[in-house]
Amino acid sequence: MKKFIIIPLLFLITSCGKKYDPYKMPADVKINLNKNDFLVFENHISNELIKDSNVEIVSKNKLISDKIGKHIYTLKYRYNNKIYKYDITYNIIDKTKPVFLNSVSSINILVNNDDILCNRISFADNYDPNPTCSIEGDYDFTKTGKYDLEFVIKDSSNNEDRRKFTLNIVDEIEKNNNKPTPNYLYIDDIIKKYKNDNTSIGVDISKWQGNIDFNKIKKAGIEFVIMRIGYQKNPNDEFEIDPKFKEYYEQAKKANLKVSVYLYNVSLTEKDAVKSANYIIKMLNGDKLDLPIGYDFENWSNFNDYNTSLYTLSKSYLAFESILKKHGYDSMLYSSKYYLENAWMNYDNSNVWLAHYTDKTDYQGKYMLWQMTSLCKLDGITENTVDIDILYKNNYIK
């Protein structure tokens, strides 16, 4: 009798403990998929992979988007109180063209002198750290003449951009000694045109401005000073303090001017940018500033040598911004209109220091500070001209 009872109990225990296959889709389940091609670096979530479904989707995650190619996402859904899994393949693609950072419309070369024409320009890509350059058109270094050619830059996804230029192969290269007359501006005119309740007028300075009388520049109408705290000549170089920084900093504060600093750097990675931020934090030693700290990257002409992408470069600035924020400092990305529009990425929620030398900028992005000239004549600065900056108070992101 005991034997008869034990066998059914064992059968019951065994059948109740039987595991289900979470990857075996039940017959009643329907999951219809969207077309799952997404652009690189765009933000998407897993639910976008599904067009419709007759079951409860229980997983919602950010999709990998920074690596081109096919990826698998394991979707989880609930059916009859059990969690099932379904592998969905999606594809990350790149349709963004590389960008010309610096280019030329004409090149003059002496006959019989070889030249790597692509070295005359710089270019970059949002994703590919090593886009290629080629020349389209026929030319002969051994024959004088005018050749109409095209630079063709291409990334690993075969996105390309082109730019026409003229190659002049000549017997002699003429020197052009005609220098244009500088278009100097004067602070009184700038204040009259740009000063209002929402703006402040300031300068950014470095050792090139020489000896400065800060009381005089304040009397002239200057309200703030952004000074170079240091600079870096090449990637991996140690930072050097601007020879005039400590003098400028002390004298500007004595004159009751608002102050901030900027760092000229060549940060190519997030690690480099953290190093840059830490240098500033150490130099300031807890001092508070009146305006954000400027991040000044200008080495676009050497970009081909750096083996990096524009996405990686842009992440560097965001790392710099993040470290400074943790230490109580705001920051701002300094760049010209062209590079803000064509090179930098993901800075929409950051303060921008726009460089655009014109009397009225047509830059469409957000900016809090506008460097509108480098040719201002200002009483108190006699050894050189100076950059003038217009601060738009309402645009300051704190």
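## Some points on the overall build of the protein chain
Here comes step 1: Regarding its fold elements, the protein chain presents seven helices and 22 strands.
Here comes step 2: Computed over its C-alpha atoms, the radius of gyration of the protein chain comes to 30 Å, more than 25% above the 21 Å expected for a compact globule of 398 residues.
Here comes step 3: With respect to the three principal axes, the spread of C-alpha positions in the protein chain is 115 × 65 × 40 Å.
Here comes step 4: Taken across its 398 residues, the protein chain has 45% of its residues classed as buried.
Here comes step 5: Distance between charge centroids for the protein chain: 10 Å, based on 54 positive and 54 negative side chains.

## Let's talk about the pattern of salt bridges
Here comes step 1: All chains considered together, the criterion is met by 16 salt bridges.
Here comes step 2: We note a salt bridge from K325 to D330, for which the minimum N-O separation is 2.8 Å.
Here comes step 3: Among the residues examined, D330 registers a relative accessible area of 17% and is labelled buried.
Here comes step 4: Three or more residues are tied together by salt bridges with common partners; here these are E136, E150, K154, E160 and R162.

## Quick notes on the packing of aromatic side chains
Here comes step 1: Evaluation of the coordinates by the stated rule reveals 27 aromatic pairs.
Here comes step 2: A ring pair is formed by W300 and Y339, whose centres lie 4.4 Å apart and whose planes are at 10°; its orientation type is stacked. One end of the pair, W300, is in the loop between β18 (293-296) and α6 (310-326); the other, Y339, is in helix α7 (residues 337-342), with 39 residues separating them in the sequence. Like Y339, W300 is buried.
Here comes step 3: An angle of 75° between the planes, with centres 6.1 Å apart, marks the rings of F303 and Y306 as edge-to-face. With respect to class, F303 is no different from Y306; both count as buried.
Here comes step 4: Taken together, Y295, F297, W300, F303, Y306, Y317, F320, Y338, Y339 and W344 form an aromatic cluster joined through their ring pairs.
Here comes step 5: Its guanidinium or amino end placed over the ring of W208, K207 lies 4.7 Å from that ring's centre, counting from NZ or CZ.
Here comes step 6: Its guanidinium or amino end placed over the ring of Y184, K377 lies 4.5 Å from that ring's centre, counting from NZ or CZ.

## Thoughts on the sheet that holds strand β2 (residues 37-39)
Here comes step 1: Spatial strand order, β2-β6-β5-β4: four strands in an open sheet with mixed pairing. Single-partner strands in this sheet number two, and they are β2 and β4 (56-57).
Here comes step 2: Note that strand β5 (residues 69-79) and strand β6 (residues 82-93) share 11 bridges and pair antiparallel. By the bridge assignment for β6, K76 is matched with K85.

## Here we look at the side chain of S316
Here comes step 1: With respect to the helices, strands and loops of the structure, S316 is situated in helix α6.
Here comes step 2: Within the structure, the side chain of S316 is placed 3.4 Å from the backbone oxygen of L268, a separation counted as a polar contact.
Here comes step 3: Ignoring sequence-local partners within four residues, the contact set of S316 consists of S267, L268, T269, E270, A273 and Y295.

## Brief notes about the sheet that holds strand β8 (residues 106-110)
Here comes step 1: On the basis of which strands lie adjacent, the open sheet formed by four strands has the order β8-β12-β11-β10 and mixed pairing. Single-partner strands in this sheet number two, and they are β8 and β10 (132-136). For this sheet, the mean angle separating the axes of adjacent strands, direction not counted, is 30°.
Here comes step 2: Bridge count for strand β11 (residues 145-154) against strand β12 (residues 160-170) is 10 bridges, and the pairing is antiparallel. Across the sheet, the residue bridging to V152 is R162, located in β12.

## Remarks on helix α5 (residues 270-284)
Residues spaced three or four apart along an α-helix face the same direction, because each turn holds 3.6 residues.
Here comes step 1: Over its 15 residues, α5 extends 21 Å from the first C-alpha to the last, a length consistent with the 21 Å expected when each residue adds 1.5 Å.
Here comes step 2: Among the structural elements, β15 (224-231), β16 (240-241), β17 (258-264), β18 and α6 are those in contact with the buried residues of α5.

## Details of the pairing of β6
Here comes step 1: Here β2 pairs with β6 via three bridges, running parallel. Counted as the bridge partner of D37 is N91 from β6.
Here comes step 2: The antiparallel pairing of β5 with β6 creates a hairpin that spans two residues between the two strands, and N80 there sits at a positive phi of about 50°.

## A look at the nonpolar core
Here comes step 1: Core analysis: the biggest nonpolar cluster contains 88 residues, and W344 and I388 have the highest contact counts within it.
Here comes step 2: When residues in this core are grouped by element, the largest group, eight residues, is from α6.
Here comes step 3: Not counting residues up to four positions away in its chain, the partners in contact with W344 are Y295, F297, W300, L313, S314, Y317, L333, S335 and Y339.
Here comes step 4: With 16 residues, the next largest nonpolar core counts I121, F123, I153 and L167 among its residues.

Calculation rules
Residues numbered from 1 in each chain as written. Predicted model: local features only at pLDDT ≥ 70, side-chain atom pairs only at ≥ 80, totals over all residues. Heavy atoms only, no water. Helix = DSSP H or I, 4+ residues; strand = E, 2+ residues; numbered from the N terminus. Rg over C-alpha atoms; globule rule 2.2 N^0.38 Å. Buried < 20%, exposed > 50% of the residue type's maximum accessible area, 1.4 Å probe, protein only. Lys, Arg positive; Asp, Glu negative; His and termini not counted. Charge placed at Lys NZ, Arg CZ, Asp CG, Glu CD. Salt bridge = Lys/Arg side-chain N within 4 Å of Asp/Glu carboxyl O. Phe/Tyr/Trp six-rings, centres within 6.5 Å; stacked < 30°, edge-to-face > 60°. Lys NZ or Arg CZ within 6 Å of the ring centre and 35° of its normal. Pairing = 2+ DSSP bridges. Polar contact = N/O pair within 3.5 Å; in protein donor to acceptor, adjacent residues only side chain to side chain. Contact = heavy atoms within 4.5 Å. Axes fitted to C-alpha atoms, helices over the stretch in contact; angles between N-to-C directions. Expected span 1.5 Å × (residues − 1). Core = buried A, V, L, I, M, F, W, Y, C linked by side-chain atoms within 4.5 Å.

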